[in-house]
Amino acid sequence: MKFRSLNQQLLLVGMIVLAIVLALAALSITTLLTLRSKANHLIIAGQQAALSNELNTNMVRAASEMATFINTGNNVYKEETSNAVARGEQILVQLTELGKVEGQEPGEQELLNRQSNLLKQLHQDVNAISSLSDAQIAQNKAGVLDLLFDYEDPAAKLQADLTNYFAQENATNQQEVATAIRDVIASVIAILCTLTLMLGLMAILLQRQIIRPLLALSAAARSVSNGNLQHNVPVTNYDQIGDLQWSFNQMVINLREQRATLEQHAAELSYAASEAQSARLLAEEANRAKSAFLSTMSHELRTPLTAILGYTELIKLGTAELNGLAPHLEHDLGQVEGAGKHLLNLINDVLDISKIEAGKATLTVEDFDLRMVVNEVVLAVRPLIDRNSNILRDHTPDVPIRMRSDPTKVRQVLFNLIGNAAKFTEKGAIELNLEIERFAEHDWAVFRVSDTGVGIATEQIPKLFQYFSQIDDSRTRKYGGTGMGLALSRQLCLLLGGDIWVDSELNHGSTFTVRLPLNAEAIAST
């Protein structure tokens, strides 16, 4: 019969073992109590035998002492006789008490009565003799002595009977004690054998119900871990082990389904990776074509544009010799020159971007005074500052700062940042700060360009340094711009061995931070 729960099986076996052990324990306790009773009886019998012998000895001694008193007339022997009789009476009381404790057999009671009667008779005769005068004793001395010596035979006969009785009683008690000991040993052996048998049965139960299924599960788990997902285990139990076997099989089924799904996904990913690789190659090819196109077009556009600006400058010089042009023509000529310069700057930015993407951008490293580059930038950006009625506060140190880098690219980064701040700020303030900091065992020039302009929303900042990206189309329409200035500035900072980042809050202005090494070659070497 199989139980629904392994706990029930173990509980049943445990209850059976407990019942058998309790029964055997009860039998052992009963046997031990019997052994204790027999042992006590043997001890009391020994005490009774010793006391009976002592009682007989005292009666014989009393008769002998009294006879000596009669022969010598010495009262010391008379006193010894009285002591011996008194001691015999005490022993008789002790024998009576032991008989009450143990329970007396008929033969034992008869012997005790004989001792009691003999002691009483001796006591009476001793008292009677003690009451005689010396003359009476002298007249009947022989008879008195014969009376006293007559106690030797009854006492000897009583001693022999007591010895035989207690010898038989002792032999019987020893046999009973030995039997009880054997019963105790047999009970202990039975308990041990029962426990051993039940433990063996429990071991067999554990082997069949737990260990064998668990070993099968362990082997199946190893097989599954080696990749064999077709391995199932038979459900042999209808308990927790059976639930574990069923769950294991379900897990293997789920793993097979997941493997099939993963293989399908892997095939799809492989196909997607192949498509992505092809798309990447096409994109790289398109990017190279775009860079080549931008580079070519920049050169092609810059050549005629340079000619336009040159002819514009010649017209201005020629009209200056002819006492000038009409005001509206001079204004229009200035517009043409400004638009041409702006377009030339855009073309230069596109050319720089195409060089950076093509990996052809190079640094022209030289030693220069950073303070002079800052002054040049501040002077060049002044018209942009004044256009929107802004104020530029230059907080850079008014001391020479030696820097080894590409001054043109440093100048371009600062011009882009200050110009960008001037474009998005109206009637506000723009601050330029410069500090020299020690970081990563190198000296760095850290520029901070702050403005009080429109600011940038936090979620728009990640798009700020992307090419051709405008964070707000409405701003593009209002302020203009192509979205190349900040992206190009960041690429130039990276090319110089530094970086750029921004802290801004919408409607609360922005702060652009640029960190550039004072020695670009030292950074490049590390």
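Quick caveat, the model's predicted, so the values are computed rather than measured.

S.K.: Quick one: what's the story with the pattern of salt bridges, residue by residue and with numbers?
M.R.: One pass over the full model with this rule turns up ten salt bridges. Put simply, E376 and R411 hold a salt bridge, and the shortest N to O gap is 2.9 Å. You can see E376 sitting in helix α9 (residues 370-387) and its partner R411 sitting in helix α10 (residues 407-423), a full 35 residues away along the chain. Residue R411 is classed as partly exposed on the basis of its relative accessible area of 28%. One network of salt bridges, in which partners are shared, links D367, R404 and E521.

S.K.: I'd like a description of α9, backed by residues and values.
M.R.: Helix length check: α9, at 18 residues, gives a terminal C-alpha distance of 26 Å against a target of 26 Å (1.5 Å per residue), a fit within 8%. Those residues of α9 that fall on the buried side of the exposure criterion are L370, R371, V373, V374, V377, V378, V381 and I385. Buried-residue contacts for α9 involve β1 (366-369), β2 (391-394), β3 (402-405), α10, β4 (429-439) and β5 (442-451). Between the side-chain oxygen of the N-cap and the backbone nitrogen of R371 there are 3.1 Å, and the N-cap of α9 in question is D369. Following α9 by one or two positions, S389 adopts a phi angle in the positive range, close to 55°.

S.K.: Explain the packing of aromatic side chains to me, and be specific about the residues and the numbers.
M.R.: Under the counting rule described, the total for this entry stands at one aromatic pair. When the ring of F439 is compared with that of W444, the centres are 6.3 Å apart and the planes differ by 65°; the resulting orientation is edge-to-face. Looking at F439, the relative accessible area reads 42%, which means it is partly exposed. Residue classification places W444 among the buried residues on the basis of a relative accessible area of 7%. The side chain of R515 reaches across the aromatic face of F439, ending 4.4 Å from its centre. It is R515 that lies over the ring of W444; its NZ or CZ is 5.2 Å from the centre.

S.K.: How would you summarise the side chain of S504 if you had to cite specific residues and measurements?
M.R.: Counting through the fold element by element, S504 comes out in strand β6 (residues 499-504). With a relative accessible area of 16%, S504 lands in the buried category. At 2.7 Å, the side chain of S504 and the side chain of S510 are in polar contact. Setting aside residues up to four positions removed in sequence, S504 forms contacts with G455, I456, I461, G509 and S510.

Analysis parameters
Residues numbered from 1 in each chain as written. Predicted model: local features only at pLDDT ≥ 70, side-chain atom pairs only at ≥ 80, totals over all residues. Heavy atoms only, no water. Salt bridge = Lys/Arg side-chain N within 4 Å of Asp/Glu carboxyl O. Helix = DSSP H or I, 4+ residues; strand = E, 2+ residues; numbered from the N terminus. Buried < 20%, exposed > 50% of the residue type's maximum accessible area, 1.4 Å probe, protein only. Expected span 1.5 Å × (residues − 1). Contact = heavy atoms within 4.5 Å. Polar contact = N/O pair within 3.5 Å; in protein donor to acceptor, adjacent residues only side chain to side chain. Phe/Tyr/Trp six-rings, centres within 6.5 Å; stacked < 30°, edge-to-face > 60°. Lys NZ or Arg CZ within 6 Å of the ring centre and 35° of its normal.

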